[in-house]
Amino acid sequence: MSYPYQIKSAAQYQDAYKKSKEDPEGFWSEVAEGFYWRKKWDKVLDWNFSEPKTEWFKGAKLNITENCIDRHLEKMGDKPAIIWEPNNPEERTRVVTYNRLHKRVCQFAQVLKNNGVKKGDRVCIYMGMVPELAYAVLGCARIGAIHSVIFGGFSAQSIADRLYDANAEFIVTCDGAYRGNKDIPLKSVIDDALIGNRTVKKVIVYTRTRTPVSMIKGRDVWWEDEMEHAEHQVEQEGKVTFPAEEMDAEDPLFILYTSGSTGKPKGVVHSCAGYMVYTAYSFVNVFQYEPGDIHFCTADIGWITGHSYILYGPLAAGATTMMFEGIPTWPDAGRFWDIIDKYKVNILYTAPTAIRSLMGFGLGHVHGHKLDSLKVLGTVGEPINQEAWNWYDENIGKGKCPIVDTWWQTETGGILISNMAGITPAKATYATLPLPGVDPMLVDENGKEIEGNNVSGNLCIRHPWPSIIRTTYGDHERCRLNYFSAYPELYFTGDGAYRDEEGNYRITGRVDDVLNVSGHRLGTAEVENAINMHAGVVESAVVGYPHDIKGQGVYAYVIFEHVHGDENLTRQDILQTVTRVIGPIAKPDKIQFVPGLPKTRSGKIMRRILRKIAEGEMENLGDTSTLLDPGVVDEIKKGKL
Ligand code: WT7
C-alpha cells in the first residue's frame, strides 16, 4: 500500500498548503479518493460556524472498519495490525494480524448484536489496554453503535455521570486491569457506577486479571462465552463475515468526554467520514509512516490520542500499531526502551510528561539499549520544554530522528499544527506549521486578528478541517458557546500561541480555566466542585502552577470550617473525596487551608492573584485595591506551600 496523499518534500508541503487554502473542497476530495466508500459524496463540505454546522463528504456512505480492516485483507491479511505488549514483560506478547483483527471484530460485532445493540446506541467501554479493547471499539464502529471510551483512572461517579449524559445502555469492561504493580478492579468500579442506574441493560466482562467479580443475572455476561457463541455465527464455510453497517458520512462515530472551563465534562462527538480521512492523512504525513514501519503511540485509548493514533489513523493506513498495557516505569524506567528494541519500533509518540519523568531516572536506564530502529519521535499533549526536547533528541533519537511536536485537541480529532518528520523543519518547543487544510490565526481579546510575525494571541482556526468536533452530545448549544461564540465565525481553541518570524507556532498554554496535568485535561471548576463535596469545606479555588514533571500541578486553596485534629489528615480526606468524585487523576498536588479567598466586591475570585502566589510570585500581584478584603492576600502569602 502506498499513500497517494503522502507529502514527500517541503515544496510539496507548500503546494498542498496553498491548494488546501485556495480550494479546500478540491483538496480534501482528492485526499478522500484514497479511501473505500460504499457511495461517494454529493457535496464535499457544507458548513457555517454560527450554528455551528459542519458536514464533510455529505451524502457519502461508508463504514470506517471496512477502511481500517477489510480493504487491507487481500494484500496484508497476514501482516501485523496490532502488536500487544503486556504489562508483565514475562507474559506472552500477542501479534494480531489484519486477518485476525477482522475475525475478532466481526465476532464482537456479532456479540453486540446478540446482546441487542443497534446502530446509534451508545456503548460505554471501560477497559485496560488489551487487544480486546480494540475489538470492542471497532466492533461498535462495525455495527454503527457509538462508543464512549472512559479512561481507567476515572471514578464510579464520573462513569455514572457519563452513562447518564450519553444515555448509554451497554457497557464493555474487564474484571480488572494490570498497570505496573497494581491490579485495578474495573468491574467493581462499574458495579458502583451502576448502583441506582436504570438504563444499562448489558455489561460484557472480559477476563484479564481473574479477580473475583459479581456477575448480576440477566445483566452481566462474560466476553469469552459470548465470543465463543458468536464464532459459529460469523463463520460460514471457513470464511468469516459480518456485514458492516452502512453509515452516513456524518453519522456519529464516537463520543469522548473532556473537561472544559465550566461544569461537567462534555461529550465531544466525532463523525465517521471526516474523522477517518483526517486521522489517516495526518498520521501518514506527520510521522511519514512507510509501509512496514512499527508505530508506538504510548497513550491510553481512553484519550483522543489513543483513538486517533493507536487505532483509527494507523489502521486506516494499514499500519502496524503497538498497544502497551503497562506504564513506562515498571518493572523499571527502561521499559519503553526495552519495548523499542524488542520489536524494532520505528516511530515513538509520547508525552513530554513521560519524557521528563524518565529523564529524572537517569541515563542508566537508557544505556544498554540500541534504539537504532527509531526513525521518528513525536510529542503530544502539552508544551515541551527545551531541556526535555534536548534529552529526547540526544539520548533517544541519537540526534538522527526528527521530533514532531504535535499540537491538537480532543475537539480537533487529529493533529492540526506540527512539523512533518524530515519534511518540514523542527524547531524545539514549537509545534511549527499548520497541516494542509488547517488555517490558524491569532486574535486579541476583542477578536481582532493579530497579523504579522513575532506576535502572541489567542489561537483560533478559520475554516473547518474534516475531523472538527461536530457537537457536544445532547447539547448542541454548549458546543456553540464553548468553541464558536468567543470569536464569531471562528473556532476558538482555548490556547494561547506565539508566532515567530517564519510563521511557526509555539503553543503557550491554555488561556481559559483548564489545567493540563501530565497531558490530561482538568477543569478548575470541576476540581473545585469535587473538593466542595467534602464535608467541612466552605469554599475552594483551584489554580495550576508549574510542575517539573507534570507540566502543571494542581494547587487548591481551601476554606475549611474547622480542621479536625491533624491538618494532613484533613488533606488526605479531601484527596479521598476528589478520588471518589472524579478519580485519582484529579487529586490536587497541594492543598493550602486559607481563611478567605481574594474576591472583588462583586464576589468574583481573583484567580490571577492565586495563580501568582501558587507560582511563588509574591510581589507584583497587580492591583489588589478592588478586593473586598485586601488583608486576606497577606494571610494566603504567609501560608504558601
Ligand atoms: C490541549 C488539548 C491532543 C492530544 C492530547 C491532549 C494542549 C496538546 C500540545 C502541544 C502544547 C499542547 C493544548 C490543548 N496541547 N498538544 N504539542 N504543545 N500544548 O488532548 O486533552 O484535548 O488537550 O492540550 O493546551 O488545548 P486534550
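Residues numbered from 1 in each chain as written. Predicted model: local features only at pLDDT ≥ 70, side-chain atom pairs only at ≥ 80, totals over all residues. Heavy atoms only, no water.

## Examining the overall build of the protein chain
Secondary structure summary: the protein chain contains 18 helices and 32 strands in total. Overall, the protein chain is about 80 × 60 × 55 Å in size when its C-alpha atoms are taken along their principal axes. Counting only residues that meet the buried cut, the protein chain has 60% of its 641 residues in that class. In the protein chain, of all internal contacts separated by at least 6 residues, the share reaching a separation of at least 24 is 70%. As displayed, the protein chain has an accessible area near 24,600 Å², and 48% of this comes from carbon and sulfur atoms. Side chains of the protein chain give 71 positive and 83 negative charges; the mean places of these two sets differ by 2 Å. (Helix = DSSP H or I, 4+ residues; strand = E, 2+ residues; numbered from the N terminus. Buried < 20%, exposed > 50% of the residue type's maximum accessible area, 1.4 Å probe, protein only. Contact = heavy atoms within 4.5 Å. Areas by Shrake-Rupley, 256 points an atom, 1.4 Å probe, with all protein chains shown as cover. Lys, Arg positive; Asp, Glu negative; His and termini not counted. Charge placed at Lys NZ, Arg CZ, Asp CG, Glu CD.)

## Some points on the sheet that holds strand β24 (residues 455–461)
Spatially, 4 strands are ordered β23-β24-β26-β27 in an open sheet, and the strand pairing comes out antiparallel. Either end of the sheet is taken by a strand with one partner, and the two such strands are β23 (440–443) and β27 (505–510). Put simply, the sheet's adjacent strands are angled 45° from each other on average, direction ignored. In this sheet, strand β26 (residues 491–499) lies alongside β24 in antiparallel orientation, the contact comprising 6 bridges. Considered in β26, the bridge of G457 is made with A497. (Pairing = 2+ DSSP bridges. Axes fitted to C-alpha atoms, helices over the stretch in contact; angles between N-to-C directions.)

## Regarding the packing of aromatic side chains
Where two aromatic rings form a pair, the distance of their centres and the angle of their planes describe that pair. Evaluation of the coordinates by the stated rule reveals 42 aromatic pairs. Note on W28 and Y278: the rings are 5.6 Å apart at their centroids and 50° apart in plane angle, and the pair reads as tilted. Within this pair, whereas W28 is found in helix α2 (residues 24–32), its partner Y278 is found in helix α9 (residues 272–287), the two being separated by 250 residues in sequence. W28 sits in the buried class, given a relative accessible area of 0%. Its relative accessible area of 0% is what places Y278 among the buried residues. Their ring planes at 90° and their centres at 6.0 Å tell us that Y545 and Y555 sit as a pair that is edge-to-face. A residue pair is termed long-range when its members are at least 10 positions apart, and Y545 in strand β30 (residues 537–547) and Y555 in strand β31 (residues 551–560) qualify at 10 residues. Taken individually, Y545 and Y555 each receive the classification buried, so the pair is uniform in this respect. Through pairs of rings, three or more aromatic residues link up here, namely Y3, Y5, F27, W28, F35, W37, W41, W56, F57, Y278 and Y281. The cationic tip of R94 hangs over the ring face of W84; the distance from NZ or CZ to the ring centre is 5.5 Å. Lying over the aromatic face of F154, R162 brings its terminal NZ or CZ to 4.4 Å of the ring centre. (Phe/Tyr/Trp six-rings, centres within 6.5 Å; stacked < 30°, edge-to-face > 60°. Lys NZ or Arg CZ within 6 Å of the ring centre and 35° of its normal.)

## Notes on the site of the ligand
Near the ligand you find 17 residues, and of these D405, T406, T410, D495 and R521 are the closest. Here a nitrogen atom of the ligand and a backbone polar atom of E382 are 3.3 Å apart. T406 places a polar main-chain atom, nitrogen or oxygen, 2.8 Å from a nitrogen atom of the ligand. Breaking the shell around the ligand down by element, the ones donating at least two residues are α10 (304–316), β22 (403–406) and β27. A breakdown of the residues in the shell around the ligand according to their chemical character gives 6 nonpolar, 6 polar and 5 charged. (Near = heavy atom within 4 Å. Polar contact = N/O pair within 3.5 Å; in protein donor to acceptor, adjacent residues only side chain to side chain. Nonpolar A, V, L, I, M, F, W, Y, C, P; charged D, E, K, R; others polar.)

## Considering the confidence of the model for the protein chain
Atom-level detail of predicted coordinates should not be read off regions where pLDDT is low. Scored by pLDDT, the protein chain has a mean of 96; 100% of the residues are at 70 or more. Averaged over each element, pLDDT in the protein chain is lowest for strand β13 (residues 235–236) (90) and highest for helix α5 (residues 131–143) (99). (pLDDT = per-residue confidence, 0-100.)

## Quick look at the pattern of salt bridges
Proximity of charged atoms lets side chains of opposite charge pair with each other. Taken as a whole and judged by the stated rule, the model has 43 salt bridges. Note that R208 and E91 form a salt bridge whose closest N and O atoms lie 2.9 Å from each other. Here E91 lies in the loop between β4 (80–85) and β5 (94–97) and R208 lies in the loop between β11 (202–206) and β12 (220–222), a separation of 117 residues in the sequence. Judged by relative accessible area, R208 falls into the buried class, the value being 15%. (Salt bridge = Lys/Arg side-chain N within 4 Å of Asp/Glu carboxyl O.)

## Looking at unusual backbone geometry
Note that the residue after E51, namely P52, is joined by a cis bond; omega there is -5°. The residue P52 is located in the loop between β1 (43–48) and β2 (53–58) in this model. Not every positive phi belongs to a glycine, and L371 is a case in point at roughly 55°. For L371, the position within the fold is in the loop between α12 (352–360) and β21 (376–380).

## Quick notes on the domain arrangement of the protein chain
Here the domain parsing of the protein chain yields domain 1 (1–63 + 271–443 + 455–491), domain 2 (90–245) and domain 3 (514–638). On a C-alpha basis, the centres of domain 1 and domain 3 stand 34 Å from each other. Listed per partner, the contact involves 10 residues of domain 1 and 10 residues of domain 3. Roughly 720 Å² of surface becomes buried between domain 1 and domain 3 when both sides are summed, with 47% attributable to carbon and sulfur atoms. (Domains from an automatic or database assignment. Buried area = accessible area lost by both parts, 1.4 Å probe.)

## Topic: the state of the cysteines
Following the criterion strictly, the structure yields 0 disulfides and no others. The structure places no disulfide on C68, whose sulfur is separated from the nearest cysteine sulfur, that of C272, by 11 Å. A disulfide-free cysteine, C124 has its sulfur positioned 9.9 Å from the sulfur of C140, the nearest such atom. For C124, a relative accessible area of 2% puts it in the buried group. (Disulfide = S-S within 2.5 Å.)

## Topic: the sheet that holds strand β17 (residues 266–271)
What the 8 strands build is an open sheet, ordered β12-β11-β8-β6-β7-β16-β17-β25; its pairing is mixed. Among the strands making up the open sheet, the edge pair consists of β12 and β25 (471–472). Examined bridge by bridge, β17 and β25 share 2 bridges and lie antiparallel to one another. Across the sheet, the residue bridging to V269 is T471, located in β25. On top of the sheet, helix α8 (residues 223–234) reaches β8 (170–174), β11 and β12; it is set at about 65° to β12, its chief contact. Contacting β16 (252–258) and β17, α9 crosses the sheet at an angle of about 80° to β17.

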